[in-house]
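# Breakdown of the fold
Single-letter residue listing:
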Amino acid sequence: MQTNVHTYGSDSAWQVAGVKLKSRLFLGTAHYPSLQVLSDAATISQTEVLTVGLRRLQPGSGGGNHFWQKIQSLGCHVLPNTAGCHGAQEAITLAHMAREIFDTSWIKLEVIGDDYTLQPDLMATLEAATQLSKDGFAVFAYTTDDLVMAQRLHGVGCAAVMPWAAPIGTGRGPMNPYALETMRRRMPDAVLVVDAGLGRPSHAAQVMEFGFDAVLLNTAVAQAGDPVRMAHAFAQAVSAGRGAFVSAPIPERSAAQASTPTVGMPFWHAQ
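These figures come from a predicted structure and were not determined experimentally.

## Quick look at the overall build of the protein
A count of helical and extended segments in the protein gives 10 helices and 10 strands. Taken over 271 residues, the protein has a buried fraction of 49%. Across the protein, contacts joining residues at least 24 apart in sequence account for 65% of those joining residues at least 6 apart. Accessible surface computed for the protein: about 14,000 Å², of which carbon and sulfur atoms make up 51%.

This is the structure in structure tokens:
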């Protein structure tokens, strides 16, 4: 049987919103101990996409100016987000502001429905995603692991659908692996990025083994004891998980199966 020696190289690049990327790790930019730690974490992880909260920091606005200069110096694609919005129109307005300020049509759409769990308002998210897609935005829509809503978000033109693994900042990892696996299987042509709830590199490897295209992390890296080392660990886990997925893991079995034959004579008695 002939082996395709180009498998790793050909799978290393992927595409979202018309942009080719090599890294499958997106990083948030909030809650780091310092801008230097953020810079070092982004660099060692080799991320190519950084999310920025427009409500928190804006380029050219006082203390945000130094932050923005640091972000620009990293040479990553900027993914502004609508974090903090509680209604569709509020998110739409903020997205249009972000396009002017950051000079990008990319927008990470977040419309929060519950302040305790930070669960998204799915109906408002769909409403905003529909309008923003019509307005020419590449929408990266934060949602739950609800399959039907994910399909609808993809159907209205979202560039990426971003289901949570668990509520934002909890670090619990995939609470409903079945739902995530089902979503990936039922939406083979959609760009799916797990956003929120991952706490350990093993969590990232797990969802990448499901076949997700990428993961987005913030708290798990920014608030780790050593954010830079954790960023590196997550990058390795994402790569390992993707490698496992494209390598076609063996199926789970209900009974043991020996890795060596148990029939016939030992080879030294073969004669």
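## Some words on helix 7 (residues 177-186)
Turning to helix 7, its buried residues are A179, L180, T182, M183 and R184. Taken together, the buried residues of helix 7 touch helix 6 (147-155), strand 8 (160-163) and helix 8 (201-209).

## Section: the pattern of salt bridges
Enumeration according to the criterion identifies 3 salt bridges in this entry. A salt bridge links E110 to K108; its shortest N-O distance comes to 2.5 Å. For the salt bridge of R184 with D213, the shortest nitrogen-to-oxygen distance reads 2.9 Å. On the criterion of sequence distance, the pair formed by R184 in helix 7 and D213 in the loop between helix 8 and strand 10 (214-217) is long-range, its members being 29 residues apart. The residues R184 and D213 share a single accessibility class, namely buried.

## Section: the side chain of D145
Position of D145 relative to the elements: it lies in the loop between strand 7 (138-143) and helix 6. Buried within the structure, D145 lacks any salt-bridge partner; its nearest side chain of opposite charge belongs to R172, at an N-O separation of 11 Å. Setting aside residues up to four positions removed in sequence, D145 forms contacts with P163, W164, N176, A179, L180 and M183.

## Regarding the environment of L79
Relative to the assigned elements, L79 resides in strand 5 (residues 77-81). Accessibility expressed as a relative area gives 0% for L79, which makes it buried. When the C-alpha atoms of L79 and A98 are compared, they prove to be 9.4 Å apart, with 19 residues separating the residues in sequence. For L79, the contacting residues outside a window of four places in its chain are F26, V49, L50, T51, V52, W106, I107, K108 and F140.

## Observations regarding the nonpolar core
One finds V139 and V215 to be the most contacted residues of the largest nonpolar core, which totals 63 residues. If near-sequence neighbours (up to four positions away) are discounted, V215 is found in contact with R24, L25, F26, V193, V194, L198, A204, V207, M208 and V238. By size, the runner-up hydrophobic cluster in this structure holds 17 residues, among which are L21, W106, M162 and L216.

## So, unusual backbone geometry
Positive phi is not limited to glycine here, since H31 has a value of about 75°. Turning to its location among the elements, H31 is positioned in the loop between strand 3 (25-27) and helix 2 (35-45). Judged by relative accessible area, which is 52%, H31 ranks as exposed. A positive phi angle, close to 60°, is found at A248, a residue other than glycine. Mapped onto the fold, A248 is located in the segment after helix 10 (227-246). Among the residues examined, A248 registers a relative accessible area of 59% and is labelled exposed.

## Focus on the packing of helix 8 against helix 10
Relative orientation of the contacting elements helix 8 and helix 10 amounts to 25°, with a least axis distance of 7 Å. Here helix 10 runs roughly parallel to helix 8, going by the angle between their axes. The two elements helix 8 and helix 10 meet at a crossing, and its hand is right-handed. Mapping the contact onto sequence places P201, A204, A205, M208 and E209 in helix 8 and M230, A233, F234, A237, V238, G241, R242, A244 and F245 in helix 10. Class assignment for the residues of the contact of helix 8 with helix 10 results in 11 nonpolar, 1 polar and 2 charged.

## A word on the packing of helix 4 (residues 88-102) against helix 5 (residues 122-134)
Orientation of helix 4 relative to helix 5, taken along the N-to-C sense of each, is 35°, at an axis distance of 8 Å. As helix 4 runs across helix 5, the sense of the crossing is right-handed. Contacts between helix 4 and helix 5 involve A88, I92, A95 and H96 on the former and, on the latter, A124, E127, A128, Q131 and L132. Of the residues that constitute the contact of helix 4 with helix 5, the class distribution is 6 nonpolar, 2 polar and 1 charged.

Conventions we followed
- Residues numbered from 1 in each chain as written.
- Predicted model: local features only at pLDDT ≥ 70, side-chain atom pairs only at ≥ 80, totals over all residues.
- Heavy atoms only, no water.
- Helix = DSSP H or I, 4+ residues; strand = E, 2+ residues; numbered from the N terminus.
- Buried < 20%, exposed > 50% of the residue type's maximum accessible area, 1.4 Å probe, protein only.
- Contact = heavy atoms within 4.5 Å.
- Areas by Shrake-Rupley, 256 points an atom, 1.4 Å probe, with all protein chains shown as cover.
- Salt bridge = Lys/Arg side-chain N within 4 Å of Asp/Glu carboxyl O.
- Lys, Arg positive; Asp, Glu negative; His and termini not counted.
- Core = buried A, V, L, I, M, F, W, Y, C linked by side-chain atoms within 4.5 Å.
- Axes fitted to C-alpha atoms, helices over the stretch in contact; angles between N-to-C directions.
- Parallel < 35°, antiparallel > 145°, perpendicular 65-115°, else oblique.
- Left-handed = near helix turned anticlockwise from the far one by under 90°.
- Nonpolar A, V, L, I, M, F, W, Y, C, P; charged D, E, K, R; others polar.

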